[in-house]
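The chain contents come next:
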Amino acid sequence: MLTPLQDATVNLALVAGAIVVSLMVLVVLHASPPYIRRWVIVVVTFLAGLYVPLEFFIPRHNFLTVWRDPIGDLVRVLAGFTIGLGILNLLIVHGRHLLQRTTNFPFSLAFFVGFLSMTVVEFLHRYKPDLWAKKAGADQLPFWTAAHKVLFEGMLLPLTSTVFSLLAFFIVSAAYRAFRIRTLEAGLLMAAAIVVMLANVPVGTWLTSWLPTEGWLKWLRFENAALWLTTQINTPTMRSILFGAAVGGLGAALRIWLSLERSFAAGSQ
Amino acid sequence: MEQLRQWLIGFQAIDRRIIYLCVAIAIALPFIVAVRLPVIPTLPVQKFYEAVEKVPKGKVVLIAADFDTGTEGENGPQVQAVLEHLMRSRTPFVILGTTIQGPELVQSYAERLARRYGYRYGRDFVNLGYLPGGQLALERFCRSVWQTKPTDYKQRPLTDLPLMRKVRTARDIGLVAEFTGSGVLPWYVQTFWAQFKVPLAQGCTGIIGPEQFPYLDTGQLSGLMVGLKGAAEYEALLKVQREGYRRMMPQSLGHIAALLLILLGNLGMWMARRQIRRAGI
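The rules behind each value
For every chain, the first residue of the written sequence is number 1, and numbering continues from 1 onward in sequence order. The naming scheme follows written order: chains are lettered A onward, ligands numbered 1 onward. Given that the model is predicted, a residue must reach a pLDDT of at least 70 before its local features are reported, and side-chain atom pairs must reach 80 or more before they are shown or counted; all residues, however, enter totals for whole chains, interfaces and linings. Calculated side-chain values reflect all of the structure's heavy atoms, with hydrogen atoms and water omitted. Interaxial angle, 0 to 180 degrees, is taken between N-to-C directions of lines fitted to C-alpha atoms, where a helix line uses only the stretch in contact. The helix and strand labels rest on DSSP assignments: H or I over at least four residues marks a helix, E over at least two residues marks a strand, and numbering proceeds from the N terminus. An angle below 35 degrees is read as roughly parallel, one above 145 as roughly antiparallel, one from 65 to 115 as roughly perpendicular, and any other as oblique. Should the near helix be turned counterclockwise from the far one by less than a right angle, the crossing is left-handed, whereas a clockwise turn marks it as right-handed. Contact criterion: two residues are considered in contact whenever any of their non-hydrogen atoms come within 4.5 Å of each other. Each reported salt bridge corresponds to a side-chain nitrogen of Lys or Arg within 4 Å of a carboxyl oxygen of Asp or Glu. N or O atoms closer than or at 3.5 Å make up a polar contact, with two conditions inside protein: a donor-capable atom paired with an acceptor-capable one, and, for residues adjacent in sequence, both atoms drawn from side chains. A helix's residues, less one, multiplied by 1.5 Å, set its expected span. Type-normalised accessible area, obtained with a 1.4 Å probe on protein chains alone, sets the label of each residue: buried when under 20%, exposed when over 50%, and partly exposed for intermediate values. Each pair of strands is called paired provided DSSP finds at least two bridges between the two strands.

1. Structural notes on the packing of helix α6 (residues 184-199) of chain A against helix α11 (residues 243-279) of chain B
Part 1 of the argument: Contact geometry for α6 of chain A and α11 of chain B: axes closest at 10 Å, N-to-C directions at 160°. As summarised for this structure, α6 of chain A and α11 of chain B are arranged roughly antiparallel, according to the angle between their axes. Read as a crossing pair, α6 of chain A and α11 of chain B show a hand that is left-handed. Of α11 of chain B, the residues touching α6 of chain A (which contributes Met 190, Ile 194, Met 197 and Leu 198 of chain A) are His 255, Ile 256, Ala 258, Leu 259, Ile 262, Leu 263 and Asn 266 of chain B.

2. Focus on the interface of chain A and chain B
Part 1 of the argument: Across the contact, 52 residues belong to chain A and 65 residues belong to chain B.
Part 2 of the argument: Linking chain A with chain B are five salt bridges, by the criterion used here.
Part 3 of the argument: The salt bridge partner of Arg 140 of chain B is Asp 73 of chain A, with a shortest N-O separation of 2.7 Å.
Part 4 of the argument: At the surface where chain A touches chain B, the tally comes to 19 residue pairs in polar contact (both at pLDDT 80 or more).
Part 5 of the argument: Going through the elements one at a time, α3 (68-100), α4 (105-127), α5 (143-178), α6, α7 (202-207) and α8 (222-257) of chain A are the ones with two or more residues in the side of chain A that touches chain B.
Part 6 of the argument: Ranked by residues supplied to the side of chain A that touches chain B, first place goes to α5 of chain A with 15 residues.

3. Observations regarding helix α4 (residues 72-88) of chain B
Residues and elements named next belong to chain B.
Part 1 of the argument: With 17 residues, α4 should cover 24 Å at 1.5 Å per step; its first-to-last C-alpha distance of 23 Å lies within 8% of that length.
Part 2 of the argument: The buried fraction of α4 amounts to 15 of the 17 residues, a majority that puts the element mostly inside the structure.
Part 3 of the argument: Phi turns positive one or two residues past the end of α4, at Arg 90, with a value near 55°.

4. A few points about the pattern of salt bridges
Part 1 of the argument: The tally for this structure, following the rule as stated, stands at 21 salt bridges over all chains.
Part 2 of the argument: Residue Arg 88 of chain B is joined to Glu 84 of chain B by a salt bridge in which the shortest nitrogen-to-oxygen separation is 4.0 Å. Placement of both Arg 88 of chain B and Glu 84 of chain B in helix α4 is noted, with a separation of four residues, approximately one turn of the helix.
Part 3 of the argument: On the accessibility criterion, Arg 88 of chain B (38% relative accessible area) is partly exposed.
Part 4 of the argument: The class for Glu 84 of chain B is buried, based on a relative accessible area of 2%.
Part 5 of the argument: In the salt-bridge network here, residues are joined through shared partners; they are Asp 69 and Asp 73 of chain A together with Glu 139, Arg 140 and Arg 143 of chain B.

5. Quick look at the sheet that holds strand β3 (residues 125-130) of chain B
All names here are of chain B.
Part 1 of the argument: Strand order in this open sheet of six strands is β3-β2-β1-β4-β5-β6, and the pairing throughout is parallel. Two strands bound the open sheet, and with one partner strand each, they are β3 and β6 (223-226). Along the sheet, successive strands turn relative to each other by an average axial angle of 15°, direction set aside.
Part 2 of the argument: By the bridge criterion, four bridges tie strand β1 (residues 60-66) to strand β2 (residues 93-97) in an arrangement that is parallel. Each residue of the ladder has a partner; that of Ile 63, found in β2, is Ile 95.
Part 3 of the argument: Against the sheet, helix α10 (residues 227-238) engages β5 (200-204) and β6, with an angle of about 120° to β6.

Right under this line is the structure:
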């Protein structure tokens, strides 16, 4: 069913055709009155939502199964579009800051410099790593591959890791302020936190390493006490939370599927 | 005595800049002074190790690189430890990611380790790159690897990569080792595990660790590596001390600093309460 074509010309023609048809659909939708647009969304959502459970619950290899792969491809294409939409949105937001010279102007400039340099370097690294540069020797990296390494491993990696690491400082500061033992429950939480925190670092293992590894005393070792807390106390708690969230998710999915979510069904739109 | 009491009461409102400084010193200290402490592998990590050992001959391991540079600090050492284990046992592997940066990061680790263990791209490992589309795309991947990802991360057709000749569906995969900082595990449980019974093992960040334990308990996860500690424990099983172990030392002192500050804050609060009680306010 719908096997990919190997002919590049036919593929290009199909892509061009798909773009033209999509644009026409968009124009027609845009020109339609809001209630028609709403009904289109409702019907498409209902049919899309109906397909997956029907295909799953009717015994395998039914009349819907043949559409599974094309729908899987469609989802991947849609996911690709979301990346494009995200980029477009960023360009509009930061472009506005840049053109209007708002107070956030330097950040938007930094975005454009970062975005454009990364995009250009990545494309050249992938497709033309020696473009406008001397051909790399046997034990040398091509120019644009080296540039990619500088940007990705030398800049992006340490920058994002640094931002993530800043959390450590905020978490310690917040824990210091919030973790006050005023009640029995807070005391229990504190005791559990001490055990788990110490067990998660070698210091904790070292502190109780003098205790035996066999017999009931082994449960006093931080790593064993933490494992017990995690598997015997945390697991059932997390399972019930996950179960509750799953039931809630099912309810939310039903509401979206039946277009009962007002915000989703576009309200006045 | 009164001065001491007032000094202790002061601990309940330490300036946040001092807290930041304490944390910075605690984290930086192990880089200056060498500290060596024991790491004892826990059961979930041992299970992960055993799951890798049990991969049947002729099958590949799928490295699901679902993380990005933000959580590289924890997921990076985890993946490197597992890759080293795979290369030692000459187990071929395929890299795939539902995040854009993950496969790129794992490729750099694999290339570095491949030089040491004589692994060759295309023959012993392949990188299929980023797979958009979430769970539905993964389901399609399980049924047909070649139709879902006809090329590798550098757009080379799979026909040019000898390893991929024996990887057609999820049935050719002996283990999925997933590394993430977000909650995407259900995607793999509902596809690879539920539909094809491919064993799953996960390396996750410390912050989402508690959410993953129920899957270990039910047997849907064959092994679990939580945070940097998990990576250090895996290295201990491999009898090496690499990034996981090295990064544990700053984390150790960071945890100690956090605990001391919390205890000091409570000490200050108790002293202040005692003073109020005594004054009969």
